[in-house]
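Inside the fold
Next come the chains, spelled out residue by residue.
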Amino acid sequence: MEKLIYEKPVISKINAGMPSKFGLPVKQKIISEIDGLAISDLMEKFGSPVFVFSEKTIRETYSEAKRAFETRYPKVQFAWSYKTNYLDAICSIFHEEGSWAEVVSGFEFNKALSLGVNGSQILFNGPEKSEADLTLAIENNASIHIDHFDELYLLIETARKLNKKARVSIRINLDAGIYPIWDRFGFNYENGEAWNAINRIMLADNLELIGLHTHIGTYIMVGSAYAIAASKLANLYVAIHRKFDYWLKYIDLGGGFASKNTLKGAYMPGTETCPSFDDYAEAITNALISSEIPHENLPLLFLETGRAMIDDAGYLLTTTLANKRLNNGKNSLVIDAGVNLLFTSFWYNLGIFPSKETSSFTEETTIYGPLCMNIDVIRDTIVFPQIKVGDQLVIERVGAYNVSQWMQFINYRPNVVLIDLEGKTHIIRKRENLETFKSLEFNPKL
Amino acid sequence: MIITEEIKISDNGFVFNSRTGDSFNLNPFGLNIIKLIAEKKEFEQIKEKVLDEYDISDLTFEKDFYEFCALLKHHQIILQDNPLEFK
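Okay, so let's go over this structure. (Residues numbered from 1 in each chain as written. Chains lettered and ligands numbered in written order. Predicted model: local features only at pLDDT ≥ 70, side-chain atom pairs only at ≥ 80, totals over all residues. Heavy atoms only, no water.)

**Comments concerning helix 6 (residues 149-162) of chain A**
All names here are of chain A. Selection rule: For helices the rule is a DSSP run of H or I covering at least 4 residues; for strands it is a run of E covering at least 2, with both sets numbered from the N terminus onward. Here a helix's expected span is defined as the number of its residues, less one, multiplied by 1.5 Å. Three exposure classes are used, based on accessible area relative to the maximum for each residue type with a 1.4 Å probe and protein chains only: buried under 20%, partly exposed in between, and exposed over 50%. Throughout, a contact is declared for two residues whenever any of their heavy atoms are within 4.5 Å.
The terminal C-alpha atoms of helix 6, which comprises 14 residues, lie 20 Å apart, in line with the 20 Å expected from a rise of 1.5 Å per residue. When helix 6 is considered as a whole, its buried residues turn out to be E151, L152, L155, I156, T158 and A159. Close packing links the buried residues of helix 6 with helix 5 (131-139), strand 8 (143-146), strand 9 (166-173), helix 7 (193-203) and strand 11 (207-214). Looking one or two places after helix 6, you find N163, whose phi comes out positive at around 55°.

Spelled out as structure tokens, the structure:
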């Protein structure tokens, strides 16, 4: 006789008066494959946990963003935000698509150069630029986005020493109607600091002001904030022409577009609330086109969006290590991927899904990582089906920041795999091993 | 293991505890197990029946069974004075 399919016995308390607000689907979403490759095969080949990136999704997302802006504005250029994900293979895909590089450190600058990016197609942002970094940027004809006056004077001094002209832009912070205002980066618009900096730069023989840059924040949920920012930069752009009879080359609206992840504490899921590229494009380009800038002098529009461009393309595949029942009767799982690999789990309720059909019986579950630390909570509460030890799970939308901000802690960081357009897999960052660490350490006792 | 007198269990897996006022849902297999417990079957007897009918290893079932019993106790559905009583 054929045996029946087993499902563990469960009893769950009914909490009257707390119906689901959204009538969320009863059927559990399953992610059994990525770009046609089975999760089980990927994990058998590359181990667990493992990050997997889809080249197809990256290129599709890029095309969507490009179309949204290029159909509305004549001159658009994307610059890939290295800090969001600076794995060589990922950066190369964006560069192949036509992105310039947006870097925030000497390390990232050198990484971009090593990938063959022309120095003149690098935007150098960030508050930390040493004299050596500035020298590198000037020598390579990069566009240096000045963050503060000390940097401005260091740059003047460095350019003098090199007897070269530096191409610069200034970063401007402004009130775009969203809070908190990011006033720690750049020069303030409202109090006139930005205008003072512009005047100082225009007087410097060895600086060529070519652009204006702002980055109003991160995970911005309203396109209208970008419209305010674009209008304010357009005002400066026109004011510079009025005073100096000189048109700058570009306006850079930075990044900060929201990905479809759901922020902790959000009332609705990110998939429902997150603006589309079209929403952002409509707000930004309308503001520029309807500004006082004559159409024949419209600046090149730079966008440095990172998160919205890569988050959807990254997955983390993980294995269930244990089922545990907490003291209060709540179910919990331990998986083999911790918060050290998932920096974004601190602010997102990441989507976690089984990789195969499960029982239809779900209950509130806490999902813990494997670190021997109390903070290692991937999801505090998620309605989840019964999962067995060894079952494989998929965490979606982890492409941004996790593989640049991850920490090595008590175990090795895992393989990172790319699925190319032909469905072939490539390890794009190898799993660490003991030798990785031994090679960096020196023990005076031996 | 004794199911307390105040517990009422319907055939579709709905459980009501008239002492605490709490109500619960059982999944189908949980309903099967609680019925066997109500019939005062011992763990070994339950295990034998389950292993005979379901595609499951004895160790996995043992672990799940004890977890289930701990939940029943937590919800005051069964009485169990001695935590080592399950055997």
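**Some details on empty space enclosed by the protein**
Residues and elements named next belong to chain A. Spelled out, the test is: Only protein atoms enter the 1 Å grid used here. Points where a 1.4 Å probe fits but cannot escape make up a cavity, open sets with protein on both sides within 12 Å along at least five of seven lines make up a pocket, and a residue lines them when an atom lies within 4 Å of a point. Grid points are joined across faces, edges and corners, and a volume is the space filled by probe spheres set on the points. When residue character is reported, Ala, Val, Leu, Ile, Met, Phe, Trp, Tyr, Cys and Pro are called nonpolar, Asp, Glu, Lys and Arg charged, and the others, Gly included, polar.
According to the stated counting rule, one finds 1 cavity of 30 Å³ or more in the structure shown. Every residue lining the largest cavity is listed: R171, I172, N173, L174, A176, I178, I181, W182, F185, T214, H215 and I216. Among the elements that make up the lining of the largest cavity, the one with the highest residue count is strand 9 (3 residues). Here the residues of the lining of the largest cavity are counted per class, giving 8 nonpolar, 3 polar and 1 charged.

**Details of the pairing of strand 14 (residues 314-325) of chain A**
Residues and elements named next belong to chain A. Counted only if it meets this: Whether two strands pair comes down to DSSP finding at least two bridges between them.
Counting buried residues along strand 14, 9 of its 12 residues qualify, which places the element largely inside the surrounding structure. In this sheet, strand 14 lies alongside strand 4 (residues 50-54) in antiparallel orientation, the contact comprising 4 bridges. Bridge pairing links V50 to L317 in strand 14. As judged from the 5 bridges shared by strand 14 and strand 19 (residues 392-396), these two strands associate in the antiparallel manner. Bridge pairing in strand 19 links L317 to V394. Here 5 bridges tie strand 14 to strand 15 (residues 331-335), and the two strands are oriented antiparallel to one another.

**A look at the packing of aromatic side chains**
All names here are of chain A. What counts is decided by this rule: Classification of ring pairs uses Phe, Tyr and Trp, with its six-membered ring standing for Trp, and accepts pairs whose centres are within 6.5 Å; under 30 degrees between planes counts as stacked, over 60 as edge-to-face, and the remaining range as tilted.
Taken as a whole and assessed by the stated rule, the structure comprises 31 aromatic pairs over all chains. Centroid distance F51 to W406: 5.7 Å. Interplanar angle 75°. Geometry classified as edge-to-face. Note that F51 is positioned in strand 4 and W406 in the loop between helix 12 (402-405) and strand 20 (416-419), a separation of 355 residues in sequence. Plain terms: the ring middles of Y226 and Y280 are 5.5 Å apart, the flat faces sit at 85° to each other, and that makes the pair edge-to-face.

**Things to note about the interface of chain B and chain A**
Here is the rule: In this description, buried area is defined as the sum, over both parts, of the accessible area (probe of 1.4 Å) that is lost when the two are combined. The term salt bridge refers to a side-chain nitrogen of Lys or Arg lying within 4 Å of a carboxyl oxygen of Asp or Glu. By the criterion applied in these results, polar contacts are pairs of N or O atoms within 3.5 Å in which, for protein atoms, one can donate a hydrogen and the other can accept it, and in which residues neighboring in sequence qualify only through two side-chain atoms.
Taken together, the contact between chain B and chain A spans 28 residues of the former and 19 residues of the latter. Buried area between chain B and chain A, both sides added, is near 2,200 Å², and the carbon and sulfur share of it is 63%. Of all residues in chain B, N27, E67 and L71 of chain B bury the most surface against chain A, accounting for 24% of the area lost on that side. There are 3 salt bridges connecting chain B and chain A. For the salt bridge of E67 of chain B with R325 of chain A, the shortest nitrogen-to-oxygen distance reads 3.1 Å. Counting across the chain B and chain A interface gives 13 residue pairs in polar contact (both at pLDDT 80 or more). Listed by contribution, the elements that provide at least two residues to the side of chain B that touches chain A are strand 3 (14-17), strand 4 (23-26), helix 1 (28-38), helix 2 (43-53) and helix 3 (58-74) of chain B. Among the elements that make up the side of chain B that touches chain A, the one with the highest residue count is helix 3 of chain B (8 residues). Pairing of strand 1 (residues 11-13) of chain A with strand 4 of chain B, which is carried by 3 bridges, proceeds in the antiparallel orientation.

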